[in-house]
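Overview (structure and organization)
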Amino acid sequence: GLDPVVVKRGYERTAMGKALREPGSFCKLVVARDGELLGAHLVGSEAPALLHEIQLARTWSNHVSTLSELMHVHPALSELVRDTAREAASKVSRR
């Protein structure tokens with residue numbers, strides 16, 4: 001099998017996520033050991049606003065490091081995607 005890396009972080013792991021007070025909301029990335037983005041799960045009220053950057057990374061290179069290196073403003077919920085991608089990138093091979 002693929003033996004993918006799966007990283008899941010709750011909204012509450014960011015300043016904006018804490019302000020939203022949405023328990024159970026999260027970002028989860030599924031990544032192959034070579035860094036290929038295999039899938040993502042976004043659950044929460046702002047999930048549609050976060051999806052576009054994952055799609056951009058898939059289109060540009062389809063590698064989790066691309067997603068982790070995109071610019072993210074603070075405070076914003078998009079930091080959740082960045083931090084989830086950084087954690088996943090630290091567990092896979094670099095390009």
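Scroll up for the structure.
Numbers given for residues are sequential positions, taken from 1 along each chain in its written order. The predicted origin of the model limits local features to residues at a pLDDT of at least 70 and limits the giving and counting of side-chain atom pairs to 80 or more, whereas totals for whole chains, interfaces and linings rest on all residues. Heavy atoms from the whole structure form the basis of all side-chain values; hydrogens and water molecules are not counted.

This part covers the pattern of salt bridges. We define a salt bridge as a side-chain nitrogen of Lys or Arg found within 4 Å of a carboxyl oxygen belonging to Asp or Glu. Scanning the entire structure with this criterion turns up five salt bridges. Across the pair Arg-82 and Glu-79 runs a salt bridge, and its minimum N-O distance is 3.9 Å. Of the two residues, Arg-82 and Glu-79 both sit in helix H4 (residues 78-89), three residues apart, roughly one turn of that helix. Glu-79 carries the same exposure label as Arg-82, and that label is buried. Shared partners join several salt bridges into a network, and the residues in it are Arg-9, Glu-87 and Lys-91. In this description a helix means any DSSP run of H or I spanning at least four residues, a strand means any run of E spanning at least two, and both kinds are numbered starting from the N terminus. Exposure is judged per residue with a 1.4 Å probe applied to protein chains only, and the accessible area is read against the type maximum: over 50% gives exposed, under 20% gives buried, and values in between give partly exposed.

As a further point, take unusual backbone geometry. In this structure, the amide linkage connecting His-74 to the following residue, Pro-75, adopts the cis form with an omega of -5°. Mapped onto the elements of the fold, Pro-75 is located in the loop between helix H3 (64-69) and H4. Here Asp-3, not a glycine, exhibits a phi torsion of approximately 50°, which is positive. Positive phi is not limited to glycine here, since Asn-62 has a value of about 55°. Checked against the element boundaries, Asn-62 lands in the loop between helix H2 (47-60) and H3.

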